[in-house]
Amino acid sequence: EDVRGPAVRFSNSSRFPDFIKVRKELNLWPLRLEVGVNVNPRTQAKDFICSCQDRLFGGDLTLDVSRKEVGYSKLVDMQGGSQLAITASCGYEPLWTGGEARPTVGVQLVSQGRMHTSLAQQNQFDLSTMVPLTKRVHLEVCGSAQVPLPSARYSVSPSGPQLQMGDGDWHLHLHELNAMVRL
């Protein structure tokens, strides 16, 4: 009996470091502010960020000036140490231009190892994790995984019976390797 499963493919589009990210945290109760900059070392383009956590409800408020949007996210503890991250964001430019606001809502599963997995509607998941190099310097690894759709097929041919599991291959892709510096 021949049993076949999906193959695994790896691909990479990163060039270390894709971004150098610098962050500084300020605690002003009941808020925790984090300010920073993301620098593309090849183009010298800079994206300034600011996030704010409310200590009352435990959610995060974000302001992304480069994307012109505000956001809120909340982590909910689950059994086994994992967390569910519920996020919402909306561009703020329509407030001044009279355009239509288009909010987005997302859900992420955060595993015990602090690896983030975005739950996608199709068979692809975004992944990111931080690898500590020193107390203040981390390596941020961002990628995606495409998994085969669940299916099973059994067939009989002159060469014997065959069982095939899954529809398609696993595809692991490395999008970015970023240097994260915390001041």
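Residues numbered from 1 in each chain as written. Predicted model: local features only at pLDDT ≥ 70, side-chain atom pairs only at ≥ 80, totals over all residues. Heavy atoms only, no water.

A. Broad picture of the pairing of strand β7 (residues 69-77). Two strands pair when backbone bridges link them, and strand β6 (residues 60-64) and β7 are joined in this way by five bridges, in the antiparallel orientation. Counted as the bridge partner of L61 is Y72 from β7. Here β6 folds back onto β7, and the loop between the two strands holds four residues, one of which, K68, carries a positive phi near 55°. Where β7 and strand β8 (residues 83-91) come together, nine bridges link them in antiparallel fashion. The partner of K74 across the bridge, within β8, is I86. (Pairing = 2+ DSSP bridges. Helix = DSSP H or I, 4+ residues; strand = E, 2+ residues; numbered from the N terminus.)

B. How the structure looks around the environment of C90. One can find C90 in strand β8. C-alpha separation for the pair C90 and E69, spaced 21 residues apart in sequence, amounts to 5.3 Å. Other than its neighbours up to four places away in sequence, C90 contacts E69, V70, A101, R102 and P103. (Contact = heavy atoms within 4.5 Å.)

C. Focus on the pattern of salt bridges. For the coordinates displayed, the defined rule picks out eight salt bridges. Note that R23 is salt-bridged to E34, the shortest N-O span being 4.0 Å. You can see R23 sitting in strand β3 (residues 20-28) and its partner E34 sitting in strand β4 (residues 31-39), a full eleven residues away along the chain. When its relative accessible area of 13% is taken as the criterion, E34 is described as buried. (Salt bridge = Lys/Arg side-chain N within 4 Å of Asp/Glu carboxyl O. Buried < 20%, exposed > 50% of the residue type's maximum accessible area, 1.4 Å probe, protein only.)

D. A look at unusual backbone geometry. Following F16, the chain continues into P17 via a peptide bond in cis, with omega recorded as -15°. Along the chain, P17 falls in the loop between β2 (8-12) and β3. Residue W29 is joined to P30 through a cis peptide bond whose omega torsion reads 10°. A positive phi angle, near 65°, is found at Q44, a position not held by glycine. Turning to its location among the elements, Q44 is positioned in the loop between β4 and β5 (46-54). Overall, the relative accessible area of 48% leaves Q44 in the partly exposed class. The phi dihedral of K68 falls on the positive side, at around 55°, and the residue is not glycine. What makes K68 partly exposed here is its relative accessible area of 37%.

E. Quick peek at the packing of aromatic side chains. This structure, assessed with the given rule, holds one aromatic pair. For the pair Y92 and W96, a centre-to-centre distance of 5.4 Å together with 90° between the ring planes defines the contact as edge-to-face. By relative accessible area, Y92 is classed as buried at 17%. Given a relative accessible area of 66%, W96 falls into the exposed group. (Phe/Tyr/Trp six-rings, centres within 6.5 Å; stacked < 30°, edge-to-face > 60°.)

F. Structural context of the environment of A85. By the element assignment, A85 lies in strand β8. The class of A85 is buried, set by a relative accessible area of 5%. Once the C-alpha coordinates of A85 and V110 are considered, the two residues, 25 residues apart in sequence, prove to be 7.0 Å apart. Excluding its chain neighbours within four sequence positions, the residues that come into contact with A85 are K74, L75, G106, V107, Q108 and V110.

G. Representation of the environment of G59. By secondary structure assignment, the location of G59 is in the loop between β5 and β6. Take G59: its relative accessible area is 0%, and that puts it in the buried class. C-alpha of G59 to C-alpha of K74: the two residues are 15 residues apart in sequence and 4.4 Å apart in space. Ignoring anything within four residues of it in the chain, the contact list for G59 reads C52, Q53, D54, Y72, S73 and K74.

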